[in-house]
Amino acid sequence: MKPAPFAYLRPATLEEALAALAGQQGAKVLAGGQSLVPLLSMRLAAPSTLVDINALPDLSHVAVSDDGVRIGALARHAEVLASREAAERQPLLAMALSHVAHATIRNRGTTVGSLVHADAAAEMPMVLRLLEGSVDVASVRGRRTIPAAELFAGPLESTLAQDEIAVEACFPALAPGAGVAFQEIARRHGDYALVGVAAHVETDGGEVTRARVGFVSVSDVPVVVDVTDSLDDPASAALAELEPADDIHATAAYRAHLVKVLTPRVLADAVHHARDRKKS
Amino acid sequence: MTTKLFGAKVPRVEDQRFLRGQGRYVDDLLTDDPRLLHAAVLRSPHAHARIVDIDVSDVLDLDGVVAVWTWDDLTGPMAEPLPLLIPHPTLTHGRTQYALARDEVNYVGEAIAFVVAVDRYVAEDAVARIRVDYEHLEPVVGIDAARAARRTVHDDVPDNVGARMEQENGDARAAIAAAPHTLTLDLDIERSACTPMEGRGTVARWDPDTSRLTVWSSTQTSTGVRGCVAAKLELDLAKVDVITPDVGGGFGVKVVHPWPEELLVPLAAKTLGRPVKYTEDRREHFISSAHERAQQHHVEVGFDDDGRVLGLDVEFWHDHGAYTPYGLIVPIITSTQLLGPYKPQNYRVAFESLYTNTVIVTPYRGAGRPQGCFVMERTMDAIAAYLGKDRTEVRSTNFIQPDEFPYEHGLVFQDGRELTYDSGDYPASLAKLKELVGWDEFEEFRAEMAAQGRKVGIGLACYVEGTGVGPYEGAHVHIETSGKVKVATGLTTQGQGHQTAFAQIVADTLGVRFEDVEITTGDTRKMPYAVGTFASRAAVMSGSAIHLAALRAKEKALRIAAEALEASEDDLEIADGVVSVKGTDASIDLGTVAVLSNPLRYAFDEASKAATQFSVGDPGKPPVAEDDEPGLEGKDFYSPPRSTFANGMHAVIVETDPDTAEITILKYAVVHDCGHLINPMIVEGQIHGGVAQGVGGALYERMAYDESGQLLNASFMDFLMPYVTEVPTSIDIDHLETPSPLNPLGIKGAGEAGVIPSAAVFAAAIEDAEGFPITAMPISPSELFELRLAHADEPHPTSPSLGS
Ligand SMILES: Cc1cc2nc3c(=O)[nH]c(=O)nc-3n(C[C@H](O)[C@H](O)[C@H](O)COP(=O)(O)OP(=O)(O)OC[C@H]3O[C@@H](n4cnc5c(N)ncnc54)[C@H](O)[C@@H]3O)c2cc1C
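Think of each chain on its own: its residues are numbered from 1, step by step along the sequence as written. Each chain takes a letter, starting from A, and each ligand takes a number, starting from 1, following the order in which they are written. Per-residue local features are limited, in this predicted model, to residues with pLDDT of at least 70; the limit for side-chain atom pairs, both in listing and counting, is 80 or more; totals at the level of whole chains, interfaces and linings are taken over all residues. To obtain the side-chain values, all non-hydrogen atoms of the structure were used and water was disregarded.

Notes on a negative patch on the surface
All names here are of chain B. Where we set the bar: Like charges within 9 Å and nonpolar side chains (Val, Leu, Ile, Met, Phe, Trp, Tyr) within 5 Å are joined into patches, using only residues over 30% in relative accessible area that form no salt bridge. Surface accessibility follows the Shrake-Rupley procedure with a 1.4 Å probe radius. Residue values consider only the protein chains on display as shielding. The term salt bridge refers to a side-chain nitrogen of Lys or Arg lying within 4 Å of a carboxyl oxygen of Asp or Glu. Positive residues here are Lys and Arg, negative ones are Asp and Glu, while His and the chain termini are left out of the count. Just so you know, the charge point we use is NZ for Lys, CZ for Arg, CG for Asp and CD for Glu. Secondary structure elements follow DSSP: runs of H or I of four or more residues count as helices, runs of E of two or more count as strands, with numbering from the N terminus. Exposure classes here rest on a 1.4 Å probe applied to the protein chains alone. A residue is buried below 20% of its type maximum, exposed above 50%, and partly exposed in between.
A cluster of acidic side chains, namely E435, E441, E444 and E448, defines a negative patch on the protein surface. Of note, E448 is situated in helix α12 (residues 442-451). Exposure remark for E448: the relative accessible area of 49% places this residue in the partly exposed category.

Set out below in structure tokens:
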């Protein structure tokens, strides 16, 4: 379990980093390393060059504004989780992050890295989809913003080009009258979810005007289903768009069952959340 | 007077070192030596294949590669199969692998080539350059496939059967036929593994000047490794030293020896004249060390209206993997220890030990007992459910009673000796357990929880564990002139706290300060005669040997002190390292006694002047008497007539989520009897660790092989060893101390106890919560969900196996 040989660069500026990526077809970004290093060690990935972005300036921010929370590429999960302002502006961040791995891994792993890594079993890609956020990426060719709906291409595959660095993710603020909730079932505390469900509802005078549910680990990419018109049986509506599969930890039937159990619960939690926010 | 340490909760002295990262494990050794080389192994990616050709031509071109071996490069005994460690007459088709595969591979992970390079990175790069041509063969995976035998693992082993063995006491089938009630059960247990924190590892250094080989190995038997290395490398035993440094857990897997790497590393060191290190990585540990547990059982039982077992007939199928280096120990233990604390009037057991194209199966903590306990306890629960009786009542009816010891089962145990229990008090243990877990109050609790829409269940399981198997262990106790006591025993330490527990024994026996005692284990230079640390034997075997050796040293100390103090030996006592004449101020330090024990010609310091030729001795006699030796030492060995039998009972209360089928532990209780406790804190630590490991085996861990023999979860990401968040936050423990009559300290082993009843106790509690039988373990929420679906149409009895 030792990586194959690779060149290692630790650029001090974004420009250098982008140039290094552009000049090397086999170059890859190294952020927190919590997903990439195990892949290297098991020789499941063998990049020619690692471009370590940990020395880049001005990317560690968790910036909270009226619009939402902007998370820099070097902000660790733990820093995002610890930000009270972020949790106030978009409560789903902290709700979901507390399910991401264990404290030691959150201390190093980056939230933006998790988005780019695009694991359908990971919490934050689904959260970004559900909240309709986006990711800003840079390359020697310039900058662009990728909306969440266009970020996830397949299992462990985002739509970033090889020479692009995600510099920042934007999670929109929770609007007045809206509520969110998150629940997941994992085999062990901190494991990737067998099924994870988050809900986002908008209410108007106690009435639900829009309801959307996001799912972890029941399809190849994070899936969000609009259940506004099927609030009497949201789980069935969702299952029609999901592809739960068998693996060594659970059968597809069990995953589908968990979707049925969790979806109404999480929706109810989100409605409560919307109500509670109004009161306070 | 020194306070008695035997039985005291003395904090483990080794923990300071371990917790501060100051342990020294195999991988920490020789790291500063610039000549050190590192090894990596090419392993088979296929479960079953013939090797057509191995091409290593690209390997030596790589910068930093020093050497590569395949089977073709091995000569003499190294080219022969590895030893079959424990032969048995019924193991008619025993097979072992070669250090490097010869012309066939029989599991994913089997070693094929061995590369030595300047570091492990380069060694792995080199391994990736080896090209092997395979001819694929159909693999045999799982017990069903092995039994069906549509294909075989080894061409010359018909039906995949390595051994078939049967034992019977009485006439079980006739008794069942005549019994008022009968039941049949089919039960299943899956594979798991030891997975110690530290994997396997070996370092070797060859000294060309003295032609000596030094081997450091992460093993549970340094003498075993020494014997194998010397034989395979054709070296005189006296030229080979094996030292076991700190070991990060063994749990059984490291008693297997020699591993291919344990021979190839010394071979490489000797051939290349440079030290060589191999450190197994986690993936290698999963696919190329050892697993355990997989068995299928078919049980027939006949019983009377009270639930008294009149006849028990068990047939089982044991998956031993691709080879049988450890013989039949695991299934023999299952077949005998299945009986637990009970006395079925007639018992027959027959098993087949089967080949599969998977990793070898050798003892893992509990070593066949968890399966036996699962089978017997499921049977007891089934009888109780059938008769509508309380599960504890059925057990009581079948217990061996305290006045029936020694109890002979009429069977042969794993050590080739009679299965005879030495002592125990099972009714007293059960009474304690019921109290501890609140057995009689449980129905109230169940009703309370049901009112909140919550589902709970309670289960219990009892086991008896043969511990402290022979043949022997020895000890050497040396009282130095400083008064410090150096003790050597040959078995190894994998973190059990031997420095603490053994020092307690020495301090008490000799009357010295605990702090003055230093224990060395697993170093063949200090104690070449030893067996190893497994089968809960260290305290019983080495503890007894150390006690006996310390008595000898004490005897000598008293004799010399009596002379020096001009007193009778009977009037002397030793405390805190000082020998004194009772009731007087006359005294002498043990260190001074040690000085006097060794007549000197040359003084080397102030104290030693007292032993020089013009200071001591009767000039008319030889300085060392004819029947005496210089030095204040004692050496002795302990060899028991047979095993001593510890026992225990566990109970657990679980909650099963009606919606998600998640299983939560609400309460875990243990009553444990390992005879006299040397150190209750260490025993409880062993129980805590065992229970945690048992929770893993019952609810989380399994080896997920696919049909092609690939292990799908060969990492800690997918092999679900429980985190601290998954094990009970507290474990209630109560002890009973029924001494063993077989050894001088009255002790029994405690190392494996915590893990033995796990599968049984969780199955019982989940069954009790759910109302349908649990016949296969481990069980996951997904499986519980599927079982609920399968049983959905059945009427739901309120209190299934507890009776009304
Ligand atoms: C034991 C364990 C348990 C875990 N459990 C969970 C869990 O339950 N849920 C969960 O969501 N995650 C889990 N993780 C993963 C963890 O959250 C990772 O930290 C995260 O997925 C990736 O972040 P990173 O900074 O470590 O990225 P890295 O490992 O450094 O990189 C991951 C991938 O993303 C690319 N990348 C990273 N950052 C950028 C960037 N800014 N621009 C372009 N490309 C980039 C890399 O090139 C690489 O391909 C777990 C990890 C471990 C080791």
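Focus: the domain arrangement of chain B
When the parts of a complex come together, some accessible area is lost, and that lost area is often used as the size of the interface. Residue and element names in this part refer to chain B. Short version of the rule: Domain start and stop positions are those given by an automatic or database domain assignment. Should any heavy atoms of two residues lie within 4.5 Å, those residues are counted as being in contact. Here's the idea: put two parts together, see how much 1.4 Å probe accessible area each one loses, and the total over both is what we call buried area. The term polar contact refers here to a pair of N or O atoms within 3.5 Å; inside protein, the definition further demands a hydrogen-donor-capable atom paired with an acceptor-capable atom, and it admits residues adjacent in sequence only when both atoms are side-chain atoms. Just so you know the grouping, Ala, Val, Leu, Ile, Met, Phe, Trp, Tyr, Cys and Pro go in nonpolar, Asp, Glu, Lys and Arg go in charged, and all remaining residues, Gly too, go in polar.
Taken domain by domain, chain B consists of domain 1 (33-137 + 194-288), domain 2 (295-469 + 641-791) and domain 3 (473-597 + 632-638). Its C-alpha centre places domain 1 at a distance of 36 Å from the equivalent point of domain 2. The interface of domain 1 with domain 2 comprises 33 residues on the first partner and 31 residues on the second. Around 2600 Å² of area is buried between domain 1 and domain 2 when both sides are counted, 65% of it from carbon and sulfur atoms. Together, I86, F251 and F286 form the three largest contributors to the area buried by domain 1 at its contact with domain 2, with a combined 24%. Between domain 1 and domain 2 we count zero salt bridges in total. Linking domain 1 to domain 2 there are 12 residue pairs in polar contact (both at pLDDT 80 or more). With five residues, the top contributor of residues to the side of domain 1 that touches domain 2 is helix α7 (residues 282-288). Split into classes, the residues belonging to the side of domain 1 that touches domain 2 amount to 17 nonpolar, 11 polar and five charged.

Focus: the domain arrangement of chain A
All names here are of chain A. As far as domains go, chain A holds domain 1 (7-52), domain 2 (62-172) and domain 3 (178-279). Listed as interface residues are 23 residues of domain 2 and, on the opposing side, 27 residues of domain 3. Of the roughly 2100 Å² buried at the junction of domain 2 and domain 3 (both faces included), carbon and sulfur atoms supply 66%. Summed over the shared surface of domain 2 and domain 3, the number is two salt bridges. With a shortest N-O distance of 3.3 Å, E132 and R210 are connected by a salt bridge. Counting across the domain 2 and domain 3 interface gives three residue pairs in polar contact (both at pLDDT 80 or more). Counting residues per element, the ones that place at least two in the side of domain 2 that touches domain 3 are α5 (91-97), α8 (123-131) and β8 (152-154). Examining the composition of the side of domain 2 that touches domain 3, we find that six residues originate from one element, α8, more than from any other. Here the side of domain 2 that touches domain 3 is composed, by residue class, of 15 nonpolar, four polar and four charged.

Details of the interface of chain B and chain A
Counting residues at the interface gives 32 residues for chain B, matched by 24 residues for chain A. Here chain B and chain A share an interface that buries about 2400 Å² over both sides, 59% of which is from carbon and sulfur atoms. At the surface where chain B touches chain A, the tally comes to three salt bridges. Those elements that provide at least two residues to the side of chain B that touches chain A are α2 (120-129), α7, α16 (680-700) and α18 (781-790) of chain B. Split into classes, the residues belonging to the side of chain B that touches chain A amount to 15 nonpolar, five polar and 12 charged.

Side note on the sheet that holds strand β1 (residues 7-9) of chain A
Residues and elements named next belong to chain A. The condition that has to hold: At least two DSSP bridges between two strands are required for those strands to pair. Note on definitions: angles span 0 to 180 degrees between N-to-C directions of axes, and those axes are lines fitted to C-alpha atoms, for helices only across the stretch in contact.
On the basis of which strands lie adjacent, the open sheet formed by three strands has the order β1-β3-β2 and parallel pairing. Every other strand in the sheet has two partners, leaving β1 and β2 (27-30) as the edge strands with one partner each. Neighbour to neighbour, the strand axes of the sheet diverge by 25° on average, direction disregarded. With four bridges joining them, β2 and strand β3 (residues 49-52) adopt parallel strand pairing. Looking at β3, one finds that A27 is bridged to T49. Relative to β2, helix α1 (residues 14-23) is tilted by about 145°, and along the sheet it contacts β1, β2 and β3.

Comments concerning the environment of D768 of chain B
Residue and element names in this part refer to chain B. Take D768: it is sitting in helix α17 (residues 758-770). Taking the C-alpha atoms as reference points, D768 and V654, 114 residues apart in sequence, are found 9.3 Å from one another. Within the structure, the side chain of D768 is placed 3.0 Å from the side chain of R446, a separation counted as a polar contact.

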